[in-house]
Amino acid sequence: MRFTLRLMVLLVVVVAMVGGSSALAQKNMLGLPDDVASEKQIHDLYREFTEAWNRHDPAALSRMWGADGDHVEPDGRVAKGREAVAALFKAEHETVFKKTALTLTIDSVWLITTDVALADGNYEIDGIVAPDGTAIPKRTGRLTSVLLREHGKWGIAASRLMIPAPLPYKKN
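Residues numbered from 1 in each chain as written. Predicted model: local features only at pLDDT ≥ 70, side-chain atom pairs only at ≥ 80, totals over all residues. Heavy atoms only, no water.

**Some thoughts on the side chain of Asp70**
Formally: Strands are runs of DSSP state E lasting at least 2 residues, helices are runs of H or I lasting at least 4, and numbering of each runs from the N terminus. Three labels apply to residues, based on accessible area from a 1.4 Å probe with only protein chains included: buried if under 20% of the type maximum, exposed if over 50%, partly exposed otherwise in between. Side-chain atoms alone can form a polar contact between residues adjacent in sequence; in general such a contact is a pair of N or O atoms within 3.5 Å, and within protein one must be able to donate a hydrogen while the other accepts it. When checking whether two residues touch, look at their non-hydrogen atoms; a contact exists if any pair is within 4.5 Å.
Residue position: Asp70 is located in strand β1 (residues 65–72). Given the relative accessible area of 12%, Asp70 is considered buried. In terms of polar contacts, Asp70 uses its side chain to reach the side chain of Arg160, at 2.6 Å. In contact with Asp70, other than residues within four places in its own chain, are Trp65, Ala79, Lys80, Gly81, Ala157, Ala158, Ser159 and Arg160.

Given below as C-alpha cells:
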C-alpha cells in the first residue's frame, strides 16, 4: 500500500513537471529570440524588395530568390528559377511597371522550421501603364511566399500573388 502511494505521488510529480515544461515551451514559442530575429530578417527582406522595386532594379529583386525559386503572377504566368524571375522583372520594369510605386505589407510570418517560413501580406502597385500608354488603376492584391534560410540568409523559394475577385456564389 505504502509503495503504491509513493508510486502514485511520484507519477503525479513527473506528469506535473512534464506538463509544466510543455506548457512553458508552448508559451515561449512566439517569443523565442531566434524566431524574433528570423521574423525581423524576413521583414527586412521585404523592405529591401520594396526599395528595389521602387528603384526599378530587377537584378536586385531577383537576387532575393533562391537559385531554383519561382514566382507566380496573378494572371498565372510562372517564372521558374532566379534567372527567369530576373527576366520577368526586367521585362515588366522596362514597360508596364516602369514608373510604378510599390507599397508592401507583411501581415504574418510563420516559422515552420528554423530554416523554412511562410509569409503572407498585401501589396499595392500604383502607376501601371498599359503598352498603349493608358494608365491602369492601382492594383491591390495578396501575396504568399515560402522562404528558405540558406547559408544564414533568408531568400524567397516560392512567391504567389493574387488579386481578390468577387465570387459569384458569395454575397459581398
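Having seen the structure, we can now continue with the description.
**Focus on the sheet that holds β1**
Condition: Paired strands, in this sense, are two strands between which DSSP finds at least two bridges. Axis lines are fitted to C-alpha atoms, over the contacting stretch for helices. Their N-to-C directions set the angle, which ranges from 0 to 180 degrees.
Spatially, the six strands line up as an open sheet ordered β2-β1-β6-β5-β4-β3, and their pairing is mixed. Looking at the sheet topology across the chains shown, the edges are occupied by β2 (78–80) and β3 (101–111). Taken over all neighbouring pairs, the strand axes of this sheet differ in orientation by 20° on average, direction set aside. As paired elements, β1 and β2 share three bridges and run antiparallel to each other. Considered in β2, the bridge of Val72 is made with Val78. Strand contacts of helix α2 (residues 33–55): β1, β3, β4 (116–126), β5 (139–150) and β6 (153–162), with the helix running at about 165° to β3, the strand carrying the most contacts. Along the sheet, helix α4 (residues 82–93) makes contact with β1 and β2, crossing β1 at roughly 50°.

**Observations concerning the packing of aromatic side chains**
Operational definition: Note on ring pairs: Phe, Tyr and Trp rings are taken, using the six-membered ring of Trp, and paired if centres are within 6.5 Å. Classes follow the plane angle, with under 30 degrees stacked, over 60 edge-to-face and the rest tilted.
Enumeration according to the criterion identifies seven aromatic pairs in this entry. Where Phe49 meets Trp53, the ring centres are 6.2 Å apart and the plane angle is 40°; that geometry is what we call tilted. Of this pair, Phe49 and Trp53 both sit in helix α2, separated by four residues, roughly a single helical turn. Exposure class is identical for Phe49 and Trp53. Each is buried. Ring centres 6.2 Å apart and planes at 65° place the aromatic pair Phe49 and Phe89 in the edge-to-face group. Within this pair, whereas Phe49 is found in helix α2, its partner Phe89 is found in helix α4, the two being separated by 40 residues in sequence.

**Quick word on α4**
Going by this rule: An expected span of 1.5 Å times one less than the residue number is assigned to each helix.
Along its twelve residues, α4 runs 16 Å from first to last C-alpha, staying within 8% of the 16 Å computed at 1.5 Å per residue. Looking at the buried side of α4, the elements it contacts are α2, α3 (58–62), β1 and β2.

**A few points about the pattern of salt bridges**
Put simply, the rule is: Basic side-chain nitrogens of Lys or Arg form a salt bridge, by our definition, when they fall within 4 Å of a carboxyl oxygen of Asp or Glu.
The full count for this structure, using the stated rule, is 13 salt bridges. The partner of Glu73 in a salt bridge is Arg77, with the nearest N and O atoms 3.9 Å apart. Given a relative accessible area of 5%, Glu73 falls into the buried group. Taking the shortest distance from any N to any O, the salt bridge between Arg77 and Glu92 comes out at 3.3 Å. Of this pair, Arg77 sits in the loop between β1 and β2 while Glu92 sits in helix α4, and the two are 15 residues apart along the sequence. The class for Arg77 is partly exposed, based on a relative accessible area of 40%. Take Glu92: its relative accessible area is 4%, and that puts it in the buried class.

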